[in-house]
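Given next are the chains, with one letter for each unit.
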Amino acid sequence: MGEAKHVVYWIRRLSDIAAIGWLAMMLLMDLAIAATRGGVQWLVPICGVVGVAAAILRRRFRVETFVVVLALSLASSLVIAVSGFVGVPGAAETGALMILTIGVLRHVEPVRRAAVFGGAALVVLMAEGTSRDPQNKLAFSFILFTAWTMIAAVGGYLRFQQERRKEAVHSVRRAERLELARELHDLVAHHITGIVVQAQAARTVAAMKPEAVLPALDAIAGAGTDALTSMRRLVSVLRAEDEAARTPGTSLADLRLLTERFSANGPRVAFEIGSGIDDHTLAPEVMTTVHRVLREALTNIRKHAPGADWVEAELRRFDQLVLLRIRNFGSAADPRLSRLGGGFGLVGMAERVEALGGRLYAGPGSDGAWEVVAEFPTS
């Protein structure tokens with residue numbers, strides 16, 4: 001787990017602990033009031049206990065815990081109202097209901113269902129404010145309505161930001177898909193052209209040199225197999241709604257040219273290609289993806305780590321695996337990017353690599369250098 005993920009994890013844990021501690025303090029206040037007033041006022045701390053438990057379990061059982069607290073709170077308000085007892089609304093119960101409402105408004109799908117749950121929370125809070133203390137019902141109702149308005153605004157804002165993020169990711173993937181459609185066209189044209197040329201050559205030499213026809217037919221069959229394999233990989237990605245790159249003929253020379261151009265205007269790049277790798281080692285769609293990942297990683301370094309001293313890039317082969325690693329030293333990544341969980345370029349890279357059966361990691365390495373690592377199968 002990267003450093004940024006550790007920070008997010010602990011912030012989340014500490015916020016949970018703070019929220020539960022806040023509810024526990026309010027529950028103690030509810031117990032003190034119930035001990036003073038007695039009677040059905042004891043229903044209030046019972047609701048508070050259930051509310052605290054629901055807040056603890058809200059991420060595992062978001063809707064279920066919310067519905068249980070709603071039902072128990074409404075039932076308690078009705079019992080207190082029917083008994084004619086003059087009570088006090090529950091602080092822990094109300095606080096738990098607000099926490100649960102924020103989560104429901106943010107996460108429950110579809111939005112219409114989340115809005116219905118938010119409205120139900122308002123009804124329950126108004127019932128709590130008007131039925132438990134008839135003498136001060138206007139004051140309690142106003143306080144609870146104001147609190148509900150605030151939590152509804154917070155939940156709605158978080159939902160809005162989440163939807164914006166989803167739409168942005170979808171747009172990136174859609175652009176990648178269109179790019180891949182262009183690549184599919186180029187790949188098919190590349191392979192079919194080779195098949196046609198070899199077929200014409202076989203026909204030309206058939207009469208003069210019949211023994212040369214068989215190797216030509218084998219080459220045609222091999223080119224056809226390669227074309228079908230590439231098409232299957234790329235069409236499967238299109239059906240999954242993603243991916244991209246442009247030229248089917250990206251070579252190792254193109255990779256070196258990319259690093260040289262980057263070195264001319266940014267940190268110097270040391271690019272090493274391991275033994276056993278040449279222009280024919282990887283399938284065309286894998287080679288274009290390697291080029292894409294390298295380009296995106298170097299672009300991110302220029303944008304988010306302009307003060308990097310130097311960049312190390314390597315492409316190596318290990319049995320049935322080819323690994324591309326890009327690392328920058330001397331400058332941490334932009335903290336804004338870490339807080340956002342990565343840029344949309346990383347989304348496109350990861351989707352593209354995984355569609356070809358590989359894996360991608362982006363984050364701090366064991367020595368503190370920021371690195372992007374992409375693994376590709378060779379077959």
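Whatever comes next refers back to the structure up there.
Residues numbered from 1 in each chain as written. Predicted model: local features only at pLDDT ≥ 70, side-chain atom pairs only at ≥ 80, totals over all residues. Heavy atoms only, no water.

1. What to know about the overall build of the protein
Right, on to step 1. Secondary structure assignment for the protein yields 11 helices and five strands.
Right, on to step 2. Taken over 379 residues, the protein has a buried fraction of 43%.
Right, on to step 3. A total of about 20,200 Å² of accessible surface is found on the protein, and carbon and sulfur atoms cover 63% of it. (Helix = DSSP H or I, 4+ residues; strand = E, 2+ residues; numbered from the N terminus. Buried < 20%, exposed > 50% of the residue type's maximum accessible area, 1.4 Å probe, protein only. Areas by Shrake-Rupley, 256 points an atom, 1.4 Å probe, with all protein chains shown as cover.)

2. Some words on helix α5 (residues 111-131)
Right, on to step 1. Helix length check: α5 (21 residues) gives 30 Å between terminal C-alpha atoms against 30 Å at 1.5 Å per residue, within 8%.
Right, on to step 2. Buried within α5 we find Ala 114, Phe 117, Gly 118, Ala 121, Leu 122, Val 124, Leu 125, Ala 127, Glu 128, Gly 129 and Ser 131. (Expected span 1.5 Å × (residues − 1).)

3. Some details on the nonpolar core
Right, on to step 1. One finds Val 293, Leu 298, Leu 315 and Ile 326 to be the most contacted residues of the largest nonpolar core, which totals 33 residues.
Right, on to step 2. Listing elements by their share of this core, those giving two or more residues are α8 (252-265), β1 (268-273), α9 (284-304), β2 (310-318), β3 (321-329), α11 (344-355) and β5 (370-377).
Right, on to step 3. Setting aside residues no more than four positions away along its own chain, Ile 326 makes contact with Val 293, Leu 294, Ala 297, Leu 298, Ile 301, Val 311, Glu 312, Ala 313, Trp 370, Glu 371 and Val 372.
Right, on to step 4. Phe 66, Leu 97, Phe 117 and Leu 122 belong to the second-largest nonpolar core, a separate cluster that totals 20 residues. (Core = buried A, V, L, I, M, F, W, Y, C linked by side-chain atoms within 4.5 Å. Contact = heavy atoms within 4.5 Å.)

4. So, the sheet that holds β5
Within a sheet, neighbouring strands are paired by backbone hydrogen bonds and run either parallel or antiparallel to one another.
Right, on to step 1. If you walk across this open sheet you meet the five strands as β1-β2-β3-β5-β4, and the pairing is mixed. For this open sheet the edge positions go to β1 and β4 (359-364), each flanked by a neighbour on one side alone. For this sheet, the mean angle separating the axes of adjacent strands, direction not counted, is 10°.
Right, on to step 2. Each of β1 and β2 touches α8; the most contacted strand, β1, lies at about 165° to it.
Right, on to step 3. The sheet strands contacting α9 are β1, β2, β3, β4 and β5, and the helix crosses β3 at an angle near 10°. (Pairing = 2+ DSSP bridges. Axes fitted to C-alpha atoms, helices over the stretch in contact; angles between N-to-C directions.)

5. Brief notes about the pairing of β3
Within a regular strand, side chains alternate between the sheet's two faces.
Right, on to step 1. Counting buried residues along β3, seven of its nine residues qualify, which places the element largely inside the surrounding structure.
Right, on to step 2. Hairpin connection between β2 and β3: a loop of two residues separates the two successive antiparallel strands, and Asp 319 in this loop has a positive phi of roughly 50°.

6. Observations concerning the pattern of salt bridges
Side chains that differ in sign of charge can pair as their charged atoms come close.
Right, on to step 1. Counted by the stated rule, this structure contains 13 salt bridges.
Right, on to step 2. The salt bridge involving Glu 163 is made with Arg 159; its shortest N-O contact spans 3.3 Å. Of this pair, Glu 163 and Arg 159 both sit in helix α6 (residues 137-206), four residues apart, roughly one helical turn.
Right, on to step 3. Here Glu 163 falls in the partly exposed class, since its relative accessible area comes to 30%.
Right, on to step 4. The partner of Arg 327 in a salt bridge is Glu 371, and the shortest N-O contact between them spans 3.3 Å. You can see Arg 327 sitting in strand β3 and its partner Glu 371 sitting in strand β5, a full 44 residues away along the chain. Each member of the pair, Arg 327 as well as Glu 371, is classed as buried.
Right, on to step 5. Sharing partners across several salt bridges, the network here consists of Glu 272, Glu 312, Glu 314, Arg 316, Arg 325, Arg 327 and Glu 371. (Salt bridge = Lys/Arg side-chain N within 4 Å of Asp/Glu carboxyl O.)

7. Considering the packing of helix α3 (residues 62-83) against α5
Right, on to step 1. Two elements in contact, α3 and α5, have axes whose closest approach is 9 Å; the angle formed by their N-to-C orientations is 25°. Classified by the interaxial angle, the pair formed by α3 and α5 is roughly parallel. The element α3 and its partner α5 pack so that their crossing is left-handed. In this structure, α3 contributes Val 63, Phe 66, Leu 70, Ser 73, Leu 74, Ser 77, Ile 80 and Ala 81 to the contact, and α5 contributes Arg 113, Phe 117, Ala 120, Ala 121, Val 124, Ala 127, Glu 128 and Ser 131. (Parallel < 35°, antiparallel > 145°, perpendicular 65-115°, else oblique. Left-handed = near helix turned anticlockwise from the far one by under 90°.)

8. What to know about unusual backbone geometry
Leaving glycine out, the prevailing phi sign among residues is negative, and the prevailing peptide bond configuration is trans.
Right, on to step 1. Going from Glu 109 to Pro 110, the amide bond is cis rather than trans, its omega being -10°.
Right, on to step 2. Turning to its location among the elements, Pro 110 is positioned in the loop between α4 (91-107) and α5.

9. Considering the environment of Trp 22
Right, on to step 1. You can see Trp 22 is positioned in helix α1 (residues 3-37).
Right, on to step 2. When the C-alpha atoms of Trp 22 and Val 52 are compared, they prove to be 9.8 Å apart, with 30 residues separating the residues in sequence.
Right, on to step 3. Discounting chain neighbours no more than four positions away, the residues touching Trp 22 are Gly 95 and Ile 99.

10. Remarks on α8
Right, on to step 1. With 14 residues, α8 extends 21 Å between its outermost C-alpha atoms, agreeing within 8% with the 20 Å of an ideal straight helix rising 1.5 Å per residue.
Right, on to step 2. When we look at burial in α8, the residues that qualify are Leu 252, Leu 255, Leu 258, Thr 259, Phe 262 and Ser 263. Along α8, the residues classed as buried sweep out an arc of 135° about the axis, all on the same side. In α8, the exposed residues that point more than 90 degrees away from the buried face are Ala 253, Glu 260, Arg 261, Ala 264 and Asn 265.
Right, on to step 3. Those residues of α8 hidden inside the fold are in contact with β1, α9 and β2. (Arc of directions from axis to C-beta.)

11. Looking at the packing of aromatic side chains
Right, on to step 1. On inspection of all chains with the given rule, the structure shows two aromatic pairs.
Right, on to step 2. A centroid spacing of 5.5 Å and a plane angle of 65° characterise the contact between Phe 66 and Phe 117, whose relative ring orientation is edge-to-face. Taken together, the residues span a long stretch of sequence, with Phe 66 in helix α3 and Phe 117 in helix α5 at a distance of 51 residues. Taken as a pair, Phe 66 and Phe 117 share a single burial class, namely buried.
Right, on to step 3. Seen from their ring centres, Phe 145 and Trp 148 are 6.3 Å apart, and the 25° between their planes marks the pair as stacked. (Phe/Tyr/Trp six-rings, centres within 6.5 Å; stacked < 30°, edge-to-face > 60°.)

Purely spatial values, then, with no claim about function.
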